[in-house]
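# Structural overview for review
Single-letter residue listing:
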Amino acid sequence: MNSKKVLLVILMIFAMVMSITNFVYADSCEVAVSMNKKTNYAKGETVELTISLNNIDSENGIYELKGNLEYDEDIFEKIKTDDEGNTNQITSLNGWEDVTFNSETNEFALRTTTPTKSTQDIMKISLKLKENVEEDSSIIMLNNLVASNGQDDIKTSTAATTVKIGDSDDDTTIPSITTTPTPKTSPSAKPATTTPKATQTPASSSIPQTGIEDNVTPIIFGALIVALVSYIAYRRYKEI
């Protein structure tokens, strides 16, 4: 074969390989939880948390978020809801709506009709410290988080923040934390940090794929077809 025929065969092989390779790119976003204007809270005070969506990478935008709110019910008063899951301790922000909360499982969900494509505060949570709190700090976590772009589920990392319990102070902003915490109990009589006791539930099993689709059989079959067609093309052009 001359160089033109070799080039033609190579182009045919390349086109067929590209046709059987399926690249799937997943949307992504992050959830952050922050406390505003305070670092320390006195017993009996209410901790106000702001939940936001950050680093959104989605052409459709984010329409929904659900997950678990995990907090220590020995430290904070339990969130109370009506029969439909409504509570004035969890409210939506910036056009998000239909907030529901299950006080037994601590699962929450909210959605919006206007997709979010950039950083936005979406929800506010209020938790009241009990009057007889003994610990000096406690972690609040949003776990098993799953967002939705209207078509696919988007699993996100755990978001958390630490509440310091002591003398009240003002006018300080706590930075958001979006990494998964690994709290450890101090060996002292009074643990420095308590782990929330809320029950975790599995996140949605529909998780977007990334990279090359993990399906080996079609790729092997396609490779065999490429090899066969290439061989036939080689023999055909060799005889010309």
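Residues numbered from 1 in each chain as written. Predicted model: local features only at pLDDT ≥ 70, side-chain atom pairs only at ≥ 80, totals over all residues. Heavy atoms only, no water.

## A word on the overall build of the protein chain
Looking only at helices and strands, one finds two helices and 13 strands in the protein chain. Within the protein chain, the fraction of its 240 residues that count as buried is 37%. Long-range contacts, defined here as pairs at least 24 residues apart, represent 73% of the contacts in the protein chain between residues at least 6 apart. Total accessible area on the protein chain is roughly 13900 Å²; 51% of this is exposed by carbon and sulfur atoms. (Helix = DSSP H or I, 4+ residues; strand = E, 2+ residues; numbered from the N terminus. Buried < 20%, exposed > 50% of the residue type's maximum accessible area, 1.4 Å probe, protein only. Contact = heavy atoms within 4.5 Å. Areas by Shrake-Rupley, 256 points an atom, 1.4 Å probe, with all protein chains shown as cover.)

## As for the confidence of the model for the protein chain
When pLDDT drops low, the exact placement of atoms in the prediction is not to be read closely. This prediction gives the protein chain a mean pLDDT of 77; 61% of its residues lie at or above 70. Note that pLDDT drops below 50 for residues 198-216; the model gives that stretch 38 contacts with residues more than four away or on any other chain. (pLDDT = per-residue confidence, 0-100.)

## Considerations on the environment of Ile62
The topology assignment puts Ile62 in strand β5 (residues 62-70). For Ile62, a relative accessible area of 0% gives the class buried. Residues Ile62 and Asn149, 87 residues apart in the sequence, show an inter-C-alpha distance of 4.6 Å. Here Ile62 is in contact with Cys29, Leu53, Ile56, Trp96, Thr112, Pro115, Thr116, Ala147, Ser148 and Ile154, once residues within four sequence places are set aside.

## Some thoughts on the sheet that holds strand β6 (residues 90-92)
Spatially, the four strands line up as an open sheet ordered β2-β4-β9-β6, and their pairing is antiparallel. The outermost strands of the open sheet, each flanked by one partner alone, are β2 (28-35) and β6. Between one strand axis and the next, the sheet turns by 20 degrees as a mean value, whatever way the strands run. Note: β6 against strand β9 (residues 120-128), three bridges, orientation antiparallel. Looking at β9, one finds that Ser92 is bridged to Met123. (Pairing = 2+ DSSP bridges. Axes fitted to C-alpha atoms, helices over the stretch in contact; angles between N-to-C directions.)

## Side note on unusual backbone geometry
Across residues other than glycine, the phi torsion is negative in most instances, and most of the peptide bonds are trans. Although it is not a glycine, Asn55 adopts a positive phi angle of roughly 45 degrees. Summarising the element assignment, Asn55 is placed in strand β4 (residues 46-57). Phi at Asn94 is positive, roughly 55 degrees, even though this residue is not glycine. Considering the arrangement of structural elements, one finds Asn94 in the loop between β6 and β7 (97-102).

## What about the packing of aromatic side chains?
Applying the stated rule across the entire model yields one aromatic pair. Taking 6.4 Å as the distance between ring centres and 75 degrees as the angle between the ring planes, the aromatic pair formed by Tyr71 and Phe76 counts as edge-to-face. When sorted by exposure, Tyr71 lands in the same class as Phe76, which is buried. (Phe/Tyr/Trp six-rings, centres within 6.5 Å; stacked < 30°, edge-to-face > 60°.)

## What about the environment of Glu131?
Along the polypeptide, Glu131 turns up in the loop between β9 and β10 (137-148). Sequence separation between Glu131 and Glu77 is 54 residues, and the spatial gap between their C-alpha atoms is 9.5 Å. For Glu131, the residues in contact, after removing those within four places along its chain, are Lys43 and Gly44.

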